[in-house]
Amino acid sequence: MKIGLILEGGASRTVFSCGVMDVLLANNIITDMVIGTSAGIAFGVSYASLQRERNLHLASEYMGDKRYMGIRHLFNRKNKSYYNMQFVYDDVPNIHLPFDWNAFQNFKGDVIGVCTNVQTGKAEYLPVSRTDKTLPVLRASCALPILFPFISIDGKDYLDGGISDSIPYKYALEQGCDKAIVVLTRERGYVKHTGKSVKLAEKLYKKYPELVKALDSRADNYNNQIKELRALERDGKVFVIEPVTTMGVKRTEGNPNKLLPLYYHGVSVTEDNINALKSYLNV
C-alpha cells in the first residue's frame, strides 16, 4: 500500500498543517509520498526529515522576525521578494534552525513540490533535491505572484504552484497512492473568488498569456477541486483534514501570538481524528 500526504499551500495559514504533521509524526504515520504546493511543501520537508516541532519553532521564533519578511525586502534590488530569500531559504535552515539533511536524504518516499511554469501556465511536479541546500524547488513553489520574482530552475521560470494546482491530490493518486491524506488550509465551505490582486498580477504578467489564463481560472479550478475532493472523501478514497477556522490569519502573518493558536488548532483537529485516520490507513 502506498500512502500519500497532500499539502495545500496558504503561506502563513499553512501553520495549521504544521500541527497536523507533528501529530502524524507523533503517531509514527510516515507516508510514501509528500507532495505540496507553496508553503505546503516548504513546511512539508520538515515532516519528511522527521523533525517534529521544527515548524513550531519556525513560527514562534522566526516568522515574526523582521529579517524574515516585509515590504522592505520586496524593494531591495538584490532580493525583489516580500520574503528575505537569503534569510528564509539559507540562514534559517542551515544556521539558525538546522534542517536535518541526513534524515531528509534517508527518507524513503518521494518529496514533490508543485511549481507553475511561467511560459505554459501548467503545473510541474518537481522532486525536492536531497542535496541542494539552496532549496530551489521550495523557492519556486512558494513564489507568490507579485510578491516574488520568477524562480529559474534548469532554464525554466516558475511561480507559485497554487496558480496551477492548489491541492495536488490527482497527481498523488495518478502516481499510485492507494491512500491519500489531504491537508487543507481553508475551512469547510470556503469558496475562492478572483480578487483584486489577481487582476493586478494579470496586468503585471501580460507578456505571459498562458500564465494569465492560469491566474484567471485559478478560483474556478480550486472550487472544482474541492467539489471533487468531497466526492472522493464520501467514497472513502481520501482522508481530509481541515481547520474549523483559520482564526483570521492572513497569508503574510508573522505574529506568533496569531500563528501559534492556528498551529495548536491543527494539533487538536488531528488528535480528534487520529483513530478514524488510523482506521482509514489500516494501521
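In this report, the structure presented in the accompanying data block is examined. (Residues numbered from 1 in each chain as written. Predicted model: local features only at pLDDT ≥ 70, side-chain atom pairs only at ≥ 80, totals over all residues. Heavy atoms only, no water.)

## Examining the pairing of strand β3 (residues 110–117)
Definition in use: Burial classification: accessible surface area is computed with a 1.4 Å probe over protein chains only, and a residue below 20% of its type maximum counts as buried, one above 50% as exposed, and the rest as partly exposed. Strands are runs of DSSP state E lasting at least 2 residues, helices are runs of H or I lasting at least 4, and numbering of each runs from the N terminus. At least two bridges found by DSSP between two strands are what make those strands a pair.
With 7 of 8 residues buried, β3 lies mostly within the body of the structure. When strand β2 (residues 33–37) meets β3, the two strands line up parallel, connected through 5 bridges. Looking at the pairing, M33 lines up with D110 of β3. The sheet contact formed by β3 and strand β4 (residues 123–127) spans 5 bridges and is antiparallel.

## Description of unusual backbone geometry
Backbone geometry at A11 places phi at a positive 50°, although glycine is not the residue there. As for its placement among the helices and strands, A11 is situated in the loop between β1 (3–7) and α1 (15–26). With phi around 60°, L50 is a residue other than glycine that occupies positive phi space.

## Considerations on the layout of surface pockets
Rule in force here: Think of a 1 Å grid over just the protein atoms. A cavity is a set of points where a 1.4 Å probe fits yet cannot get out, a pocket is an open set with protein on both sides within 12 Å along at least five of seven lines, and lining residues have an atom within 4 Å of a point. Grid points are joined across faces, edges and corners, and a volume is the space filled by probe spheres set on the points. The nonpolar class holds Ala, Val, Leu, Ile, Met, Phe, Trp, Tyr, Cys and Pro. Asp, Glu, Lys and Arg form the charged class, and all remaining residues, Gly among them, are polar.
Its volume calculated, the largest pocket comes out at about 600 Å³. Residue lining of the largest pocket: 28 residues in total, with R13, R186, K192, R218 and R251 positioned closest to the centre. Mapped by element, the contributors of at least two residues to the lining of the largest pocket are α9 (196–204) and α10 (209–234). Per-element tally for the lining of the largest pocket: the top contributor is α10, with 4 residues. Every residue lining the second largest pocket is counted, 25 residues in all, and those nearest its centre are I163, S164, D165, N221 and Q225. Per-element tally for the lining of the second largest pocket: the top contributor is α10, with 10 residues. Here the residues of the lining of the second largest pocket are counted per class, giving 8 nonpolar, 9 polar and 8 charged.

## Focus: α9
Stated precisely, the cut-off is as follows: As used here, the arc belongs to the directions running from the helix axis to the C-beta atoms. The contact criterion used is simple: two residues touch if any of their non-hydrogen atoms lie within 4.5 Å.
Turning to α9, its buried residues are V198, A201 and E202. When α9 is viewed along its axis, its buried side chains cluster within an angular range of 105° and face the same direction. Facing away from the buried side of α9 by over 90 degrees, the exposed positions are K196, K203 and L204. Taken together, the buried residues of α9 touch α10.

## Some details on the packing of aromatic side chains
Each aromatic ring pair is characterised by the separation of its centres together with the angle its planes make. Stated precisely, the cut-off is as follows: Ring pairs are drawn from Phe, Tyr and Trp, using the six-membered ring of Trp, whenever the two centres fall within 6.5 Å, and their geometry is named by plane angle: stacked under 30 degrees, edge-to-face over 60, tilted for the rest.
Counted by the stated rule, this structure contains 14 aromatic pairs. Considering the side-chain rings of F239 and Y280, the 5.7 Å spacing of their centres and the 40° angle between planes classify their relative orientation as tilted. In this pair, F239 is assigned in strand β8 (residues 239–241) and Y280 in helix α11 (residues 256–281), connecting sequence segments 41 residues apart. F239 sits in the buried class, given a relative accessible area of 13%.

## A closer look at the pattern of salt bridges
For clarity, the cut-off: One side-chain nitrogen of Lys or Arg within 4 Å of one carboxyl oxygen of Asp or Glu is enough to make a salt bridge.
Enumeration over the complete set of coordinates arrives at 12 salt bridges. Note that D65 is salt-bridged to R67, the shortest N-O span being 2.8 Å. The shortest N-O distance in the salt bridge between D216 and K199 comes to 3.6 Å. Residue D216 is found in helix α10, and its partner K199 is found in helix α9; the two are separated by 17 residues along the sequence. You can call D216 partly exposed: its relative accessible area is 42%. For K199, a relative accessible area of 41% corresponds to the partly exposed category. A cluster of three or more residues bridged by salt bridges with shared partners is formed by R188, R230, E233 and E242.

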